[in-house]
Structure formats: structure tokens, C-alpha cells
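Geometric and topological summary
The primary structure of each chain is shown beneath.
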Amino acid sequence: MKLARFSPPTAAALLLGLTTVIGPGAVDSYAASDVPLPIAHFAHMVVDAPHGHLFISGGAGTDGILVTDLDGGNPTMISGEPGATGLALSADGSALYAALPDQDTIAAISTESLTESTRYGTGAGTHPDSLAVSGGTLWFGYGTVGAGAGGIGSVDGTGTVALRQDSGTWAAPPTLATTPTPSGVLAAAVQTGDTSAFVTYRAEGGALTRQAAKALPVPDLSDFAVTADGLHLAVSSRSYSSDDRYRTSDLAADGRFAVRVGPGAVAVAPDGTVADGVGDYGFEASPETGEGYYHEYDFGYPLRLAAHGLAWAPDGSRLYAVNVDASGGAPMLRTARNPETAWVHLNGRSTTTPLAPGEAYSFRAGFDSPLSLGAGESMIPGTVRVTRYDDADPDGVLIPDPTTTPAHGSVDFFGSYYVSGTAPLTGPLSFRVDYSGSGHYGPAGQAFDIPVAKYAPTMTLTAPSTGDRAAPMTVTGQLTWPHAHVTTGAVHVVKTDLAHPSGHSVGTVPVAADGSFAFHDTPQVGGANTYAFTYDGGTSYLPVTAPAKVQVSRATPSVSLTTDAKSYHSGATVKVTAHLGTTYNSRLVTLYDQPAGKPRTQLKSGEVDAHGNLVAYYKVTRNTVLSAAFAGDYHYAPRTVTTSATLMPTVRTQMQWPLTTTRVGSTTYQIFYRSEVNLGFNLQVTPRQSGGCTTVYLEHYYSGAWHQVTSQSCVPLYSDGWYGYGRALKLFASDDHYRIRGHYTPPAKGAQTAGVWSQWTYLTVRPGSP
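All values reported here derive from a predicted model rather than from experimental measurement.

It is worth spelling out the overall build of the chain at this point. Scanning the chain from N- to C-terminus turns up one helix and 64 strands. Whereas a compact globule of 770 residues would reach a radius of gyration of roughly 27 Å, the chain reaches 47 Å, over 25% beyond that. Taking the principal axes of its C-alpha atoms as reference, the chain extends roughly 135 × 95 × 45 Å. For the chain, the proportion of its 770 residues judged to be buried stands at 48%. Of the contacts made within the chain by residues no fewer than 6 positions apart, 57% connect residues no fewer than 24 positions apart. A total accessible area of about 33700 Å² is found for the chain, and carbon and sulfur atoms account for 52% of it. Each charge sign in the chain was given a centre, from 45 positive and 61 negative side chains, and these centres are 24 Å apart.

Bridge analysis of strand E10 (residues 105-110) against strand E11 (residues 116-121) gives five bridges, and the strand direction is antiparallel. What sits directly across from Ala108, in E11, is Thr118. Counting the residues in the hairpin turn of E10 and E11 gives five residues, including Leu114, whose phi is positive at 60°.

Looking now at the sheet that holds E11. The four strands lie next to each other as E8-E9-E10-E11, forming an open sheet whose pairing is antiparallel. If you trace the sheet from one side to the other, it starts and ends with strand E8 (87-89) and E11, each paired once. Across this sheet, the average inter-strand angle for adjacent strands is 20°, counted without regard to direction. Of the pairings in the sheet, the one linking strand E9 (residues 95-100) to E10 comprises six bridges and is antiparallel in character.

This brings us to the sheet that holds strand E51 (residues 613-619). Spatial ordering of the open sheet is given by E46-E48-E51, a layout of three strands whose pairing is antiparallel. Edge positions in the open sheet fall to strand E46 (559-563) and E51, since each of these has one partner strand only. Between one strand axis and the next, the sheet turns through 20° on average, direction left out of account. Summarising the sheet, strand E48 (residues 573-580) and E51 pair through seven bridges and their orientation is antiparallel.

Let us look at the side chain of Lys495. In this structure, Lys495 sits in strand E41 (residues 490-497). A polar atom in the side chain of Lys495 sits 3.1 Å from the side chain of Asp521. For Lys495, the residues in contact, after removing those within four places along its chain, are His500, Gly503, His504, Val506, Asp521, Pro523, Asn529, Thr530 and Tyr531.

Should the sulfur atoms of two cysteines be covalently bonded, the bond is a disulfide. Scanning the model with the defined rule gives one disulfide in all. For Cys693, the disulfide goes to Cys714, at an S-S distance of 1.8 Å. Judged by the sign of its S-S torsion, about 100°, the cystine formed by Cys693 and Cys714 is right-handed. Residue Cys693 is located in strand E58 (residues 693-702), and its partner Cys714 is located in the loop between strand E59 (705-711) and strand E60 (715-716); the two are separated by 21 residues in the primary sequence.

Another aspect to go through is the packing of aromatic side chains. In the structure shown here, the tally under the stated rule is 26 aromatic pairs. Seen from their ring centres, Phe363 and Phe448 are 5.7 Å apart, and the 55° between their planes marks the pair as tilted. With a gap of 85 residues between them, Phe363 in strand E31 (residues 360-368) and Phe448 in strand E37 (residues 444-450) connect regions that are remote in the sequence. On the basis of relative accessible area, Phe363 is assigned to the buried category, the value being 1%. Measuring from centroid to centroid gives 5.7 Å for Phe367 and Tyr435, while their planes differ by 65°, and the two rings are edge-to-face. Here the residue Phe367 occupies a position in strand E31, and Tyr435 occupies one in strand E36 (residues 429-435), the gap between them amounting to 68 residues. This pair shows no difference in class: Phe367 is buried, exactly as Tyr435 is. Through successive ring pairs, a cluster of aromatic residues spans Tyr361, Phe363, Phe431 and Phe448. In this structure, Arg739 is placed above the aromatic ring of Trp760, and the distance from its NZ or CZ to the ring centre is 4.0 Å. Across from the ring centre of Trp757, 3.8 Å away, lies the NZ or CZ of Arg741, which sits over that ring.

The rules behind each value
- Residues numbered from 1 in each chain as written.
- Predicted model: local features only at pLDDT ≥ 70, side-chain atom pairs only at ≥ 80, totals over all residues.
- Heavy atoms only, no water.
- Helix = DSSP H or I, 4+ residues; strand = E, 2+ residues; numbered from the N terminus.
- Rg over C-alpha atoms; globule rule 2.2 N^0.38 Å.
- Buried < 20%, exposed > 50% of the residue type's maximum accessible area, 1.4 Å probe, protein only.
- Contact = heavy atoms within 4.5 Å.
- Areas by Shrake-Rupley, 256 points an atom, 1.4 Å probe, with all protein chains shown as cover.
- Lys, Arg positive; Asp, Glu negative; His and termini not counted.
- Charge placed at Lys NZ, Arg CZ, Asp CG, Glu CD.
- Pairing = 2+ DSSP bridges.
- Axes fitted to C-alpha atoms, helices over the stretch in contact; angles between N-to-C directions.
- Polar contact = N/O pair within 3.5 Å; in protein donor to acceptor, adjacent residues only side chain to side chain.
- Disulfide = S-S within 2.5 Å.
- Phe/Tyr/Trp six-rings, centres within 6.5 Å; stacked < 30°, edge-to-face > 60°.
- Lys NZ or Arg CZ within 6 Å of the ring centre and 35° of its normal.

Structural data, given as C-alpha cells:
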């Protein structure tokens, strides 16, 4: 049976109100404490339970080994151990071994006196790092990271140091691991690119015998451990998280661990329980095989499990974990007590909710736990007691033989207990379920309250969304109970409309035996008609209210808006006239103005005169949208109409350097001579707008008609509103007739004025000088 990490009841089972009561010992089972460690970094940790010590090393840059009690308190330092990394206890627990890579030595420290007794030199440049005691010998991985030269060395009982105890070669200093209790099993590994090289050994008589060597698909090896029986390896990886067990005899995959071995660290207790990382920010404890886990512990982002940061107390009563921050610093010790006890949650489910007095009920109590049942188990082990409480038995009465249902399906993973009966006529009803706990399952207790009282049925309404004024309409409704009910009570209707904004009663309708009812109305006021239907509950139920809204049609009023002109010069006064046709009970009109680029503001509001008109005056400074709004009344709908007042800029023109004028018919021509070289044409636009531009057009008269000679692209005006256009006089035909004018174009978006043409200016060019 594959167990989900958490299995709440299905949505079809209705959850009851509950009061949580944790059973005896449950809190302590999952308690965990956090203690900041007075070291900058973390490297390794060893539990010395007989002497009541935790030994913690900090790696490069440190000068000692931290020692605390088994709660992480009373910290002290064993000084003079610079850069200590790997730690291991001797087989008899009398000595702590600490690798000092920068010293090329291994220190032996008395676990009784906490003083160094001796050091074992491992040779210049060996840099011993990882330690393990197996087969009565201290083994160490050594070498220089990145140098491609690693190996396994040993220190025997006489203190003799030997290198190259492994017949093979290592690309880097290998990490060592052995069983949690003394054995002759040793494993070594080093990451090599996209895989990791693993070798297993028998350690006997101070010598190593290779059992197996293999590259495993682990591209980011962070830690590994040997199971308590020495038969398998558990390998920690983030990108290749796997539940594969690798046999130490041949490193082949052999069965599955209970959960995937997560990243950061992995440690095995003497009884076989496995601890490993969960995601990036927590850790867990689980049985070696089977399914599920005992408990998960979360550090919380951004704290994460340190590499090699898990260690077990020998009796499995505590699990120690070290977390670090995102930079790998600020280590903190967490102590998880009773980590091999899985939590148990109780779930109560009822077939009906709420209950009416005297109504039949059924109640089921189920279980959730992260730990799956063992082979052959169909019910969670332990004892379950179900107690009923009501007014007749306020101290509770034990239900002697609740019906049991074995584990099945996606709801009852652990089996369930079922009871049935009749709700009391008065007062509350509740059940208490107590689970004793058994084996690796913790105790739990919980009270479940089942409501027994009046309750409100569900009301649904069906109403037309729209309707005609003064036309009959009907709203139907349905009251629904979760079970059989008593026919009682009536429905009261209150209507809100424009004529009655606070609402008024429009009648009471009876409720049929099936819970249906119908209300008929002929609305006289248009607009939104909102009906509030309230079922009073009668003698047995609580009231319930539901609304229905019907938009009742209204006639469209005649509204118009005019101005006394279509365009104006800046500062001119606009006469605005709104006209309102026939209405019912409102003659109020509101006028608004909205100049280009500005918000709309109210210009005037009031009732129209006897002719239906409302007049206002507005001084125009830019293009303006004018609007007239009628808010509506009982019979006529709201309506808004708009018109525009357009601002026409003023354009001034000026010719530069003409010497004199002449008249041709009724037209005055400016006279230029070629000796003047250029002519100039200036124009000024008032008011102008940033983003506006002007274009100058030049036309030549020949063949009895005017023909465009040239025009330039629309160009911005100068900052003073002028624009100057120049043209060489040599480009003009002598004594011919020409004319010139400009056009101002406002911005394409947000124009504050209209576009405007200047008048034509006529000119002729004569040869020579005057």
C-alpha cells in the first residue's frame, strides 16, 4: 500500500466541528529545540551519549572542537585543534579522533577529560579529512582536493600510521562511512563529474579487502551512510534523489528504502532507522523499509540542512540536525526527541450535518499518519475508545463495541471505527475518540462536536432578470433541507425601488410541503426592483434570507444639448443649452464640461425651465466636450448626451524683405527682386500646443490655374509660437505670380484645439535690383 504524505478525508465526507486534545506523550514525541552554535561554520558531528557529549567540528579557519551536553547546552571548546573536520569515536568510546587536514595529523582526545592525548602524523601533504572506525582500526581518507591524488590510510592500535591501504586509486580524498555500531564494513566514495565512485570493503586485521567498486549515477554527492546491518548503502543527493538501496556486496540496487533519500545529509541509527534531508529546508526520520516516515522537521527558508549535519543518539531517542544559512554559516543545532514515533491525527465524519433533535446519525472516526501499516496489518495497532457525551450523560458513556472497518481505499488508510444512534432532543452531542498508540505510532485524542439545534435551510430563487413596467411578473423559490423536514413557517417579501429606497413590505407567501413558494407582483416603478425573501423558520428552523433583482424597463427620455456656435477663439464664452422632453417625476439636468486633457467637472445642475431648457455659460480655453445628464425617474431611464466646443487658434503671417507691393486686379502682391537672394515667410499660432506642427504650402500660377510648387513636412513651432520659412528667390520664375500659406496641425492624441489655415499671401519676383 503506497501512503500519501498526508491523507485528509475526501470532500464527500463532511468534517465536523472539533476540539483538539493531544494524547499523553504526543507533544514530547514531536518536540524539537533550536540552539545557535558558537562557531562560524560546521563540518562534522559525533554523539558521545555515555559521557553526555556532542562533539562538533567547524572545519578550516577554526581553532578548536565545540563540546556541548546532549541538549546542545553548556558549550565549551577543546582548543588547539586547528581546522578540525572529520570526527569519529573509538570502538570503546574512550577517544574522539579528529582529522586536522592543515596539520597533516589526526588528534586523539579523551572523551573523559576532553584533553588531547596524542597526535598521529599522516605525512606531509596528506591532508586527512574523513574518519571511520571499523574492524578495530581507525581509517582516514586523505589527499589534496583537485590534485587527483587521494587514498585511504589507517591508524592501528599501536598508533602506527599506514597510507595507501586501498589497492585502487582515487581522484580526490574519499569520504568514509561505516555502520552505526562496530563492524567490519567500510565504504568510501568520491564524486567524479556526473557520477560518484563507490568502493566497499571488509576491514579485518588492520587491512582492507575490496568487496565491490562501481560508479553510481550521483552527480552531486553530499553524504552517504551504511545501514545498521552493513548490507546496504543510503546515498544523499539533491538532483538524483532516489529510494534505491545499494548492496555493499556488489553495489547493485537491491530493494527500496521507505522514502527517497533526500539532499544534504543521511544518518542511520543502530536500530536501522534512517534520517535524511527533505527538500532544501528540512529533514525526516523513517524506517529503513516499508512505506512512509515517522516525522518531518522543517527549518524554514532560507535555513537548510548542513552537509553531514545529521547524527543519532545510540538508543534512537534523539536525532540531532545542524542547519546553516544560505551562505553556509551561522550553524544551529536542532534536537528532535523521540524521532521514531509517528504522529497520529484523528478524523471524525458524519453522514448528516447539522442534526435536528431526534434525528438518526452515523459517526465514523478515522486516522491519518505519515507511517504506513506494516505487512499483514489491517487496522492501526493499539486500543481505541469512543465516548459519547450529551445532556443525559454529561460525564460520557463508553460505546462498548464500535463497528470496525479495515483499511481500504483513499479515505481509511488505517481502518476506522463506526457508531450510530439518535440525536438528543435537547442539548449538544459530542464524541471523544482516544487512541492509545502502539509501536512506532504515537497516542492521540480528540473531541468531535456534532451540532444539534435549529438550523437554516438553503433558499434558492428564480426571477426574471428584466421586466416591463406595469406588467405582471413572478418570482419562484425553493427551500431545501439536508434531510426530511417539518412543513412550517412562511416567506415574507420586502421590495426596494426608486420610490421606496428603504424598502417596504409587499406581502407574505406560504411554503408548500416540498419547500416551494411563488410571489406575484406588478411593478409600477422602473429601474432596479430588489426583492428580499425571508423565510421565518416557523417553529423548527432558523430564518434564511435571499435577494432577487429585476430590472424594470423605463421609457427613453428626449434629451438634447446645443451650443451657440461650433467653434470659438480662446477666451470666448460658449452658451450651452440643454433641452429635456417629457418625464414623470424629475426635471433635474446636470451639465458637465471636460476640456481636452482634463477631468470632467460639473458646470451646472438644476431643474429645467418651463420650456424644458437649462442654460449655462462656459469660457473656452481648449477643445471641450460638453454633456447633459438626466438621472432618470420612476418612468424614464437615465440618459446622457454630449456635444463639443472646438477652439480655433489665431494665425498671424508676415513676409520678410519685400520691397514694395503691387495690385493685380483686386489682389495685392508682395514684390521681391532677385538681388535680395531669399524671401522669408513667418507665421505664428496662438494658442499652440506641444506636439503640434505647421506645414507651409507654395503655389505657382500658370496655364490658368494655381499649382503646388512645394511643401515641407509638418515641423514644430518655435518656443514663441512662430515658425519661419525661407526660399531662395532664384527658384522663382521672373514676373510670375505665386502665393504662400501655412497650416497648423494639433497633436494626433489629446488635441486641445482644431487645425487652422492661414490666409494666402501673394507675391511676385522681378529680375535684377530695384
